[in-house]
Amino acid sequence: MTNAFDPLHADRTVLLVSLKPDTESVDRLVAAGWHVVHAKTAQQVQRTVERGAIHVGLVQLPLECSSQQLAELESCISQSDVAWIAEVRPGQADNPSVRRFILDFCFDFVTLPCHDERLTILMGHADGLWALRDTASHDHDHDHEKAAVAKSTMIGQCEAMQQLNRGVDKCARNEAPVFIAGESGTGKELTARAIHDRSARAKDAFVAINCAAIPPSLLQSELFGHERGAFTGALQRKIGRIEAAAGGTLFLDEIGDMPHECQAVLLRFLQEGTIERLGGTGPIKVDVRIVSATHVDLMAAIDAGRFRMDLYHRLCVLRLDEPPLRERGGDIKLLAQHALELYRRDGARKIRGFSSDAISAMFNYSWPGNVRELINCVRRAVVMAEGRFITAQDLGLPGMETKAGRTLAEIRCDAERAAVREALARHAYSLSSAAIELGISRATLYRLLNSSGLRDESPSQRHPRGVAECDEAGSDPAAQHRIEQMAP
Ligand SMILES: Nc1ncnc2c1ncn2[C@@H]1O[C@H](COP(=O)(O)OP(=O)(O)OP(=O)(O)O)[C@@H](O)[C@H]1O
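Parameters at a glance
- Residues numbered from 1 in each chain as written.
- Predicted model: local features only at pLDDT ≥ 70, side-chain atom pairs only at ≥ 80, totals over all residues.
- Heavy atoms only, no water.
- Pairing = 2+ DSSP bridges.
- Helix = DSSP H or I, 4+ residues; strand = E, 2+ residues; numbered from the N terminus.
- Axes fitted to C-alpha atoms, helices over the stretch in contact; angles between N-to-C directions.
- Contact = heavy atoms within 4.5 Å.
- Buried < 20%, exposed > 50% of the residue type's maximum accessible area, 1.4 Å probe, protein only.
- Core = buried A, V, L, I, M, F, W, Y, C linked by side-chain atoms within 4.5 Å.
- Near = heavy atom within 4 Å.
- Polar contact = N/O pair within 3.5 Å; in protein donor to acceptor, adjacent residues only side chain to side chain.
- Areas by Shrake-Rupley, 256 points an atom, 1.4 Å probe, with all protein chains shown as cover.
- Nonpolar A, V, L, I, M, F, W, Y, C, P; charged D, E, K, R; others polar.
- Domains from an automatic or database assignment.

(A) Examining the sheet that holds strand S14 (residues 318–321) more closely. Pairing within the open sheet is parallel, and its five strands lie in the order S7-S10-S13-S6-S14. Bordering the open sheet on either side are strand S7 (206–210) and S14, each of which pairs with just one other strand. Adjacent strand axes in the sheet meet at a mean angle of 20° when their direction is disregarded. As paired elements, strand S10 (residues 249–253) and strand S13 (residues 289–294) share four bridges and run parallel to each other. Across the sheet, Thr 249 pairs through a bridge with Arg 289, a residue of S13. Running over the sheet, helix H7 (residues 159–172) touches strand S6 (178–181), S13 and S14 and is turned about 155° from S14.

What follows is the structure, encoded as structure tokens:
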């Protein structure tokens, strides 16, 4: 046993997070060859993890585990890339907050008393898996390939997405033009690609053009191409997008924004199956399948005279509707996990998932920008997150502060912290008087100060009078020999 952390021990070091270490478990780990390092605060955990490659941790939940203590333990362990094993008392896992803590932040858990080898086997298992994960994360080439495939995968299991998927299969077996309606960012282009990929045309080109992104004066030549000298600046022949998609699929995105004169030429192509390049001398037959989409209400555009009814009927032989993200239920979580897989590597830390407050914040948000907004939001959170789990705060969704997303434990913890802070200020930082006013013992107030971080937070002149180092592990000198104590 040493009193200083030794990185050479890192392979068999377990980081013990506990307010009062349970010496039996420590003895068992030491006997099995583990080096045990003890930490009580988030800062101590952070420092220890940064000083050596610690892979596994044991977090011991106190007998009467208050929500405040749970929140403190949560902030300790959520900041590190360590596989945590929770040690709980019988019946403790029946408490929903404890269950959530284990599910969100821990690799596994053991229930005391743990007389057999379960704990050490679990430690070895967690350590082994950590090493596997680490090796896997170096496998860049394969991952890049997988990421490219993943980007074109349509994720979704809700009823509306299953229906859409069946619709894609039907459209893929047919040659008729398909019109895809849906709000911006719902995945219309992805659906158009899926139709192409599942069709007999898959081996030929899929060409997409955004009709709203090209100036009206250029759209016609972009679609149909032009001959050399067709207009000033046409220095050479240009093949249009329709010809470029020959044998394959042409995806006309934002068709609702197509200028009127272009609509007429497109209609002719749909009727006759031929195009004429600008400045060209005759029609050219082109075999291309048309899929179009728009986020605008085409019926309203037709009523307003902005879109031709006859063109609409030509384009909309088959129709698919993309459901907005807010109506996809559990798919929100699936898509968030998919986005995390895509951008996991962008973060400084290895993110393991989403905390439960992040999940409920995502379910409570209306996602006006749909899947695109969700993907960007997760991507940003991966970069900004400081812990191993993306929290609601990392997501930064509008309106989150006032809506659900904070657990009851967090709300209680904040209320307790505020009450303690105010009582101390009223009593000139006299612990005894503040404890009397709050109706708690001095010892409980000590504990609250430690667990709420108020002791670390106060500038020196505000330090409560009489606050001493509350090193509960110190009450067992034998334990001090077996466990390395982190300096506060
Ligand atoms: N079901 C899905 N599974 C996985 N990714 C999806 C899904 N739907 C959309 N995406 C992703 O969301 C982003 C936006 O999708 P896409 O461009 O297809 O939407 P859109 O409806 O065509 O948008 P716009 O109306 O702005 O043109 C893309 O990155 C796409 O890969």
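(B) Fine view of the side chain of Asn 370. Structurally, Asn 370 is set in helix H16 (residues 370–384). Owing to a relative accessible area of 0%, Asn 370 belongs among the buried residues under this scheme.

(C) Region of interest: the nonpolar core. If you look at the biggest cluster of nonpolar residues, it comprises 33 residues, and the most contacted ones within it are Leu 223, Ile 242, Leu 250, Leu 252, Phe 269 and Phe 307. For this core, the elements supplying multiple residues, two or more each, are S6, S7, helix H9 (216–224), S10, helix H11 (260–272), helix H12 (298–303) and helix H13 (309–315). When residues no more than four places from it in sequence are discounted, the contact partners of Leu 252 are Ile 209, Cys 211, Leu 223, Leu 266, Ile 290, Val 291, Ser 292 and Ala 293. Judged by nonpolar contacts, the second largest core, of 28 residues, contains Ala 336, Phe 354, Trp 367 and Val 378.

(D) Structural view of the site of the ligand. Taken together, 21 residues lie near the ligand, and Ile 155, Ser 184, Gly 185, Lys 188 and Arg 372 sit nearest. Taking Gly 187, its main chain carries an N or O atom lying 3.1 Å from an oxygen atom of the ligand. In the complex, the protein chains occlude 86% of the 630 Å² of accessible area that the ligand would expose alone. When contributions to the shell around the ligand are tallied by element, the ones reaching two or more residues are helix H8 (188–197), helix H14 (331–343) and H16. Across the shell around the ligand, the residue classes break down as seven nonpolar, six polar and eight charged. Each of two domains, domain 2 (159–322) and domain 3 (328–395), supplies a minimum of three residues to the shell around the ligand.

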